[in-house]
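Spelled out, the chains give:
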Amino acid sequence: MPEMRFVIRWPDGARESCYSPSLVIKDFFRVGEAYPVEAFAASAREALTIASDRVAARYGFPCSRALGQLARIESVAARFRAQPDAHVFVQAFEE
């Protein structure tokens, strides 16, 4: 199963390299695009759940790294939810 990282920039300018056990992230995000925080978190939730489910189907258990990454994204996103114009920028995919 091909792993990948997707590099994002949070609304405060912090850069973060995020993990996915699957290339499914590419179906949800585009490099160079900015997403409202809520939309980014929702798409990340869907994509990383799909990725974890693929691991579970193949190996018999969900991907704890994907679920941990999702928890991290949701935690950081919560800090920006009160800012209606806050966006997350997708900078790169690393395979």
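Here the structure is shown first, and the text comes after it.
Residues numbered from 1 in each chain as written. Predicted model: local features only at pLDDT ≥ 70, side-chain atom pairs only at ≥ 80, totals over all residues. Heavy atoms only, no water.

Further remarks concern the overall build of the protein. Along the backbone of the protein there are two helices and four strands. Starting at the N terminus and ending at the C terminus, the protein contains elements arranged as β-β-β-α-α-β. For 95 residues, the compact-globule formula gives about 12 Å, and the C-alpha radius of gyration of the protein, at 13 Å, lands near that figure. On the principal axes, the C-alpha backbone points of the protein span a range of 40 × 20 × 20 Å. Considering the protein as a whole, with its 95 residues, one finds that 38% of them fall into the buried category. Within the protein, contacts between residues at least 6 apart in sequence are counted, and of these 65% link residues at least 24 apart. A total accessible area of about 5,000 Å² is found for the protein, and carbon and sulfur atoms account for 51% of it. (Helix = DSSP H or I, 4+ residues; strand = E, 2+ residues; numbered from the N terminus. Rg over C-alpha atoms; globule rule 2.2 N^0.38 Å. Buried < 20%, exposed > 50% of the residue type's maximum accessible area, 1.4 Å probe, protein only. Contact = heavy atoms within 4.5 Å. Areas by Shrake-Rupley, 256 points an atom, 1.4 Å probe, with all protein chains shown as cover.)

A few words now on the environment of Val76. Relative to the helices and strands, Val76 is located in helix α2 (residues 64–78). For Val76, a relative accessible area of 2% puts it in the buried group. Val76 sits 16 residues away from Ala92 along the chain, and the two C-alpha atoms are 19 Å apart.

Quick look at the environment of Ala41 now. In this structure, Ala41 sits in helix α1 (residues 37–59). You can call Ala41 buried: its relative accessible area is 0%. Sequence separation between Ala41 and Ala57 is 16 residues; the distance between their C-alpha atoms is 24 Å. Other than its neighbours up to four places away in sequence, Ala41 contacts Ile73, Ala77 and Arg81.

Turning next to the side chain of Glu16. With respect to the helices, strands and loops of the structure, Glu16 is situated in strand β2 (residues 15–20). We classify Glu16 as buried; its relative accessible area is 11%. Only 2.8 Å separates the side chain of Glu16 from the side chain of Trp10, close enough to count as a polar contact. (Polar contact = N/O pair within 3.5 Å; in protein donor to acceptor, adjacent residues only side chain to side chain.)

Reading across from one edge, β2-β1-β4-β3 is the order of the four strands in this open sheet, with antiparallel pairing throughout. The two strands at the open ends of the sheet, each matched to only one other strand, are β2 and β3 (34–36). Within this sheet the neighbouring strands show an average axis-to-axis angle of 35°, counted without direction. Bridge analysis of β3 against strand β4 (residues 87–94) gives three bridges, and the strand direction is antiparallel. Bridge pairing in β4 links Ala34 to Phe89. Strand contacts of α1: β1 (4–9), β2, β3 and β4, with the helix running at about 100° to β3, the strand carrying the most contacts. (Pairing = 2+ DSSP bridges. Axes fitted to C-alpha atoms, helices over the stretch in contact; angles between N-to-C directions.)

Read these as geometric descriptors, not functional statements.
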